[in-house]
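Now for the letters of each chain:
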Amino acid sequence: NAGVTQTPKFQVLKTGQSMTLQCAQDMNHNSMYWYRQDPGMGLRLIYYSASEGTTDKGEVPNGYNVSRLNKREFSLRLESAAPSQTSVYFCASLRGASNQPQHFGDGTRLSIL
Amino acid sequence: KQEVTQIPAALSVPEGENLVLNCSFTDSAIYNLQWFRQDPGKGLTSLLLIQSSQREQTSGRLNASLDKSSGRSTLYIAASQPGDSATYLCAVITELSSNTGKLIFGQGTTLQVKP
């Protein structure tokens, strides 16, 4: 099984450009999450989707939008990229019960020039 | 607001040493606490999950303990090996977020085990 797949793995953008980060899971999980990881700051939650058809803001949602396209896919969109959004972005999924561990993708490394 | 702290930020030990990684959290109202491993350029892999009602969990050479009242958890690694070199992250789910699974992470401890 592939688990959680993120595309692309690397991307360089110019300030003001837009981009969508893709995430798909093949484990039939209900909940999906987008985090960003910055040096010295751990992972911070951007948005999450507790179930298909619902999305909610996390700790750092400004500048981002999300779409839960179906149960498998959860995308993150940067409408107008800013240098402060340079980061490593991780998608994760969870079957549904919080007493289970989340499964993470390998990340998208995004640089905004 | 729940905050999670991991000290030290980096640790270097010789192979074979037993070691302890520390994690502290400010609000004891947690649902569970989780330890993850992250290899360079990779995502996170779950190591151990401790429910709020539990005191410890063990997996192979790893043992994680939880003391809710003091807001602390430790990850004990026995007989460390070079393959244990990675960043170890601690995260909690608060009681209020138990139905959403939202994790709050510490900054991580980067471990280097020297042959």
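Each remark here, short or long, concerns the structure printed above.
Residues numbered from 1 in each chain as written. Chains lettered and ligands numbered in written order. Predicted model: local features only at pLDDT ≥ 70, side-chain atom pairs only at ≥ 80, totals over all residues. Heavy atoms only, no water.

### Observations regarding the sheet that holds strand β3 (residues 19–25) of chain B
Residues and elements named next belong to chain B.
Reasoning step 1: Pairing is antiparallel in the open sheet, where 5 strands are placed in the order β1-β3-β8-β7-β6. Each edge of the open sheet is held by one strand with a lone partner, namely β1 (4–7) and β6 (56–59). With strand direction ignored, the average angle separating the axes of adjacent strands in the sheet is 15°.
Reasoning step 2: Inspection of the sheet shows β1 paired to β3 by 4 bridges, in the antiparallel sense. The residue of β3 that forms the bridge with Ile-7 is Asn-22. (Pairing = 2+ DSSP bridges. Helix = DSSP H or I, 4+ residues; strand = E, 2+ residues; numbered from the N terminus. Axes fitted to C-alpha atoms, helices over the stretch in contact; angles between N-to-C directions.)

### Examining the interface of chain B and chain A
Reasoning step 1: Each side of the interface is counted separately: chain B has 25 residues, and chain A has 21 residues.
Reasoning step 2: For the pair chain B and chain A, the summed buried surface comes to about 1,700 Å²; carbon and sulfur atoms form 54% of the total.
Reasoning step 3: Area buried by chain B at its contact with chain A is led by Leu-44, Lys-102 and Phe-105 of chain B, which between them contribute 25% of it.
Reasoning step 4: Our count for the contact surface shared by chain B and chain A stands at 1 salt bridge. (Contact = heavy atoms within 4.5 Å. Buried area = accessible area lost by both parts, 1.4 Å probe. Salt bridge = Lys/Arg side-chain N within 4 Å of Asp/Glu carboxyl O.)

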